[in-house]
Amino acid sequence: MTAMLEIKQVGKSYGKQEVLGSVDLSVQAGEIISVLGPSGCGKSTLLQLIAGLQQPDRGEILLRGKLAASRSAMLAPEKRGINMVFQDYALWPHMTVFENIAYGMRRSRQDQAGIKASVAELAALLRLEGLEQRLPPQLSGGQQQRVAIARALATKPDLMLLDEPLSNLDMQLRVEMRTEMAYLFKKLGTTVFHVTHDPEEAFSMADRLVIMREGAIDQIGTPQECWRRPASASAAKLLGAGNRLEVMGRIGGGVSVGEAKLAGVWPGQLAASNAEGPAQLLFRPDAADFQPHVVCTSGEAAESAASLEPAWERNRLPVHVVHSVFEGKGWRVLARTSDGQPLTFLHHRPLAAGDEGLLTISPTDLYLYPILEAN
C-alpha cells in the first residue's frame, strides 16, 4: 500500500547551520503522527518542508507516491492536497465563521448548495452551531481553534498539518481540545502530521510519536513504547524522566548510587557491551515510592535489617528530605541521595526538611544511558 507521506533522506540547512540532517519517515493514510521535541530541534522546519513553504536541500518528499519536493523540484503548496492549522489560527478577522469555513470551497468553485451543506455539517461536528454569523474577535480561543480546524477540513485534504495548534489556549481548553481533536480526526479518518513540544498533547493524539533532537529523529514508536523504553537520555527527559543521577557499575550487576545498588532498564547497545564505568540513571518523580525510616525496638531492628538485605534487589535508595511543595494533588519533595545528588519525588503528605527514608523504584522505571550523552 502506498504511503500518504514519505520523507526520504531529507535535509535542510540555513547557510552553514544544518537544521535537518537526514530524515526518513513514512506516514500511512488515516494515521496521526505527533512530532515531539524541544525548540530548535527541526520539527517546525520539517513541517514547512512538507507544506511546501520551504524547499529541501537534500532528499525527497513524496505525497501518495508522487514527488512533491526535492532540491530540483517543487510542487506548489496549493497543489499538494494539504491543509494546515496554525498556532495563531490565521482566521480572516473581517469574515464571519461561515465565510472562513467556506473560503477554501469557494476558491475551488464548489456550488453554493454544497458549500452550505458542508459548512452546516462541520459546524455541527465542531460545536459551532449558532456562531456562523459571528466574527473571529467575537469568539473564544477554543471556538476560534474549532473554526480553523473546520476551515482546514472543509476541502477534504489528503493530509492535515498541525503546527502547535493548542499553544495559545489555557490549560483546561488544551485538555478539552486535544481530546476532541483526536476523536474528530479518527472519526473522519484524517491523516494528520502534528508538531508539538507538549508530551501530553502528543500522547493524547498520536498513533505514533516521532521524537526529534538536533535535526534528527531520536525515536519512533507508539506512545506506550516511547514512554516505557525511551531510546536516549534526551527522549527520557522529554517524556518526564527529570531525575538524573550519576552512577557507577556493570550492566547486569546493578549500578551504585552512594552505598545503594539499583537495577534498571538499559538501552540495547549499552547492555550488549557489558561495560562498566560512569553512566546516568533517569527516572520520573511519580515512579518513586517513599518509605520513611521507622524507629523500632532492638528486637525489631534485627528483623528489619535482615529484611532489607540485600537492599539493591528491591531498588531501595536512601534519601534525606530538603523541602516539600504542595501541588494540589499532593506534594513534590526535593531530596538528596547519600552522596549528595538532588532528586524530586511525589508524596501524599508534606515531609519536613531532614526527614530520612528509602525510595523504592521499580527496575522498569529506571533508565540507564552513557554519561557521554548530552545532558
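Residues numbered from 1 in each chain as written. Predicted model: local features only at pLDDT ≥ 70, side-chain atom pairs only at ≥ 80, totals over all residues. Heavy atoms only, no water.

The name recorded for the chain in an unreviewed UniProt entry is Carnitine transport ATP-binding protein OpuCA, from Paenibacillus pasadenensis. According to its UniProt record, the chain has this under Subunit (unreviewed entry): "The complex is composed of two ATP-binding proteins (OpuCA), two transmembrane proteins (OpuCB and OpuCD) and a solute-binding protein (OpuCC)." (UniProt positions renumbered as here; feature names shortened; annotations may be inferred.)

A few words now on the layout of surface pockets. Space inside the largest pocket adds up to approximately 850 Å³. What lines the largest pocket is a set of 22 residues, among which E78, I82, N83, M84 and T155 lie closest to the centre. Sorting the residues of the lining of the largest pocket by element identifies β6 (82–85), α2 (97–107) and α4 (141–154) as the ones contributing at least two each. Looking at the lining of the largest pocket residue by residue, the class counts come to 12 nonpolar, 4 polar and 6 charged. (1 Å grid on protein atoms, 1.4 Å probe; cavity = no way out; pocket = protein on both sides within 12 Å on 5 of 7 lines; lining within 4 Å. Points joined across faces, edges and corners; volume = space filled by probe spheres on them. Helix = DSSP H or I, 4+ residues; strand = E, 2+ residues; numbered from the N terminus. Nonpolar A, V, L, I, M, F, W, Y, C, P; charged D, E, K, R; others polar.)

Let us now look at the packing of α4 against helix α5 (residues 171–188). Relative to each other, α4 and α5 sit at 20°, their axes nearing to 11 Å. When the interaxial angle is binned, α4 and α5 end up roughly parallel. The crossing of α4 and α5 is right-handed. Seen from α4, the contacting residues are G142, Q145, R146, I149 and L153; seen from α5, they are L173, M177, E180, M181, L184, F185 and L188. Across the contact of α4 with α5, the residue classes tally to 8 nonpolar, 2 polar and 2 charged. (Axes fitted to C-alpha atoms, helices over the stretch in contact; angles between N-to-C directions. Parallel < 35°, antiparallel > 145°, perpendicular 65-115°, else oblique. Left-handed = near helix turned anticlockwise from the far one by under 90°. Contact = heavy atoms within 4.5 Å.)

If you walk through the whole model with that rule in mind, you get 4 aromatic pairs. Considering the side-chain rings of W92 and Y103, the 5.5 Å spacing of their centres and the 50° angle between planes classify their relative orientation as tilted. One end of the pair, W92, is in the loop between β6 and α2; the other, Y103, is in helix α2, and 11 residues separate them in sequence. You can call Y103 partly exposed: its relative accessible area is 28%. Residue placement shows R284 over the ring face of W227; its charged tip is 3.4 Å from the ring centre. (Phe/Tyr/Trp six-rings, centres within 6.5 Å; stacked < 30°, edge-to-face > 60°. Buried < 20%, exposed > 50% of the residue type's maximum accessible area, 1.4 Å probe, protein only. Lys NZ or Arg CZ within 6 Å of the ring centre and 35° of its normal.)

This part takes up the pattern of salt bridges. All told, the structure shown has 12 salt bridges when counted by the stated rule. When the shortest N-O distance is used, the salt bridge between D218 and R213 registers 3.3 Å. Look at D218 and you get buried, because its relative accessible area is 18%. (Salt bridge = Lys/Arg side-chain N within 4 Å of Asp/Glu carboxyl O.)

Relative to strand β4 (residues 58–63), strand β1 (residues 5–14) is paired through 5 bridges, and the arrangement is antiparallel. Looking at β4, one finds that G11 is bridged to R58. As judged from the 3 bridges shared by β4 and strand β5 (residues 66–69), these two strands associate in the antiparallel manner. Paired with L62 across the bridge in β5 is L67. Following β4, the chain reverses through 2 residues before pairing antiparallel with β5; R64 in that reversal takes a positive phi of roughly 50°. (Pairing = 2+ DSSP bridges.)

Right, let's get into the sheet that holds strand β16 (residues 316–326). Strand order in the open sheet formed by 5 strands is β15-β19-β16-β17-β18, with antiparallel pairing between adjacent strands. The open sheet has two free edges, formed respectively by β15 (288–292) and β18 (342–347), since each of these has just one partner strand. Across the sheet, the mean angle from the axis of one strand to that of its neighbour is 45°, orientation sign disregarded. Pairing of strand β17 (residues 331–337) with β18 involves 6 bridges; the strand directions are antiparallel. Considered in β18, the bridge of R336 is made with P342.

With that out of the way, let us pick up unusual backbone geometry. Apart from glycine, the bulk of residues carry a negative phi angle, and the bulk of peptide bonds sit in the trans form. With a phi close to 50°, K156 is a non-glycine residue in the positive phi region. The residue K156 is located in the loop between α4 and β7 (159–163) in this model. Take K156: its relative accessible area is 65%, and that puts it in the exposed class. The backbone phi angle of E214 is positive, close to 50°, even though this residue is not glycine. Mapped onto the fold, E214 is located in the loop between β9 (208–213) and β10 (216–221). Among the residues examined, E214 registers a relative accessible area of 67% and is labelled exposed.

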